Amino acid sequence: MATYTRADLDEALASYLDQDREQLAGRLEAVAQRTGELAARIGTATTAAQGWSAIEVLGHMGSVARAFGALTHRVASGEATQLDLLALIQGRDERVAQMSQLPVEELVALTQAETEKTAAFLRGIPSADLNRKVVLGEGMTWTAEEVCRLALAAHLESHLNQLESLLS
C-alpha cells in the first residue's frame, strides 16, 4: 500500500480549488443568463422595493458587475492591495441614478458582459492567484476569491432575487 504524501495532499487540495473556481465562474454565467431572462420582463416597471425600481436594481447590478469584476481581476493579479470599501459603497446611490438612465437593453448587456468577462478571467488564472488579499479598511481584508464570491456573485444573486420579487 502506497503512503499518502504531502504532494498527494497538495494535488488533491489544488483540484478542489480548481473545482471551486469553476463553480464560481458558473455562478457568474448563471447570473448573466438570469439577468437577461428577468430583464425581458421589466418593460417600464416602476414598482419599487427598498426604494429602488426594477430599472434601478438593474442599474445597480451593472455597476456592481463592473466594479467588483474589475476589483477581482486587480486583486488576483496583485495590482490592488488596498481599497476603501466604505467610500465605494457610499457612492452607490449616485451611480444607481446614473446607470438607471440607460436603456434596459444596455444595462442587461453591461451586466452580462462584465459577469461573463469575470467568469472567463477565473477560468484562465491559477487558483492560487485568488488567495491574494486586498485591505478594505478598518482592519478588514478579503482575498480575490472573497471579492468575487461575496461582493460580486452573492451580491448579484441577491439583487436577482430582489428583481424577481419586483416583477412577480
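Residues numbered from 1 in each chain as written. Predicted model: local features only at pLDDT ≥ 70, side-chain atom pairs only at ≥ 80, totals over all residues. Heavy atoms only, no water.

S.K.: Mind showing me how you'd approach the overall build of the protein chain here?
M.R.: In terms of regular secondary structure, the protein chain is built from 6 helices and 4 strands. Listed by position from the N terminus, the elements making up the protein chain come as α-β-β-α-α-α-α-β-β-α. Oriented by its inertia axes, the alpha-carbon framework of the protein chain measures out at about 65 × 35 × 25 Å. Taken over 168 residues, the protein chain has a buried fraction of 40%. A fraction of 79% describes how many contacts in the protein chain between residues 6 or more apart in sequence connect residues 24 or more apart. As displayed, the protein chain has an accessible area near 9,100 Å², and 52% of this comes from carbon and sulfur atoms. Charge separation in the protein chain, taken as the distance between the mean sites of 14 positive and 23 negative side-chain charges, equals 2 Å. (Helix = DSSP H or I, 4+ residues; strand = E, 2+ residues; numbered from the N terminus. Buried < 20%, exposed > 50% of the residue type's maximum accessible area, 1.4 Å probe, protein only. Contact = heavy atoms within 4.5 Å. Areas by Shrake-Rupley, 256 points an atom, 1.4 Å probe, with all protein chains shown as cover. Lys, Arg positive; Asp, Glu negative; His and termini not counted. Charge placed at Lys NZ, Arg CZ, Asp CG, Glu CD.)

S.K.: Explanation requested: a nonpolar patch on the surface in the structure shown.
M.R.: Taken together, the side chains of Tyr-4, Leu-9, Leu-13 and Tyr-16 make up a nonpolar region of the molecular surface, amounting to roughly 440 Å² of accessible area. Inspection of the secondary structure puts Tyr-4 in the segment before helix H1 (6-39). By relative accessible area, Tyr-4 is classed as exposed at 57%. (Patch = residues over 30% accessible without salt bridge, like charges linked within 9 Å, V, L, I, M, F, W, Y side chains within 5 Å. Salt bridge = Lys/Arg side-chain N within 4 Å of Asp/Glu carboxyl O.)

S.K.: How should the layout of surface pockets be read in this particular structure?
M.R.: Regions of empty space are outlined by a rolling probe, equal in size to a water molecule, passed over the atoms. Taken as a whole, the largest pocket spans an internal volume of roughly 200 Å³. Lining the largest pocket are His-60, Ser-63, Val-64, Ala-67, Phe-68, Leu-85, Leu-88, Ile-89, Arg-92, Arg-95, Ala-151 and His-155. Going through the elements one at a time, helix H2 (54-76), helix H3 (85-90), helix H4 (92-99) and helix H6 (144-167) are the ones with two or more residues in the lining of the largest pocket. Residue contributions to the lining of the largest pocket peak at 5 residues, all from H2. For the lining of the largest pocket, the per-class residue count stands at 7 nonpolar, 3 polar and 2 charged. (1 Å grid on protein atoms, 1.4 Å probe; cavity = no way out; pocket = protein on both sides within 12 Å on 5 of 7 lines; lining within 4 Å. Points joined across faces, edges and corners; volume = space filled by probe spheres on them. Nonpolar A, V, L, I, M, F, W, Y, C, P; charged D, E, K, R; others polar.)

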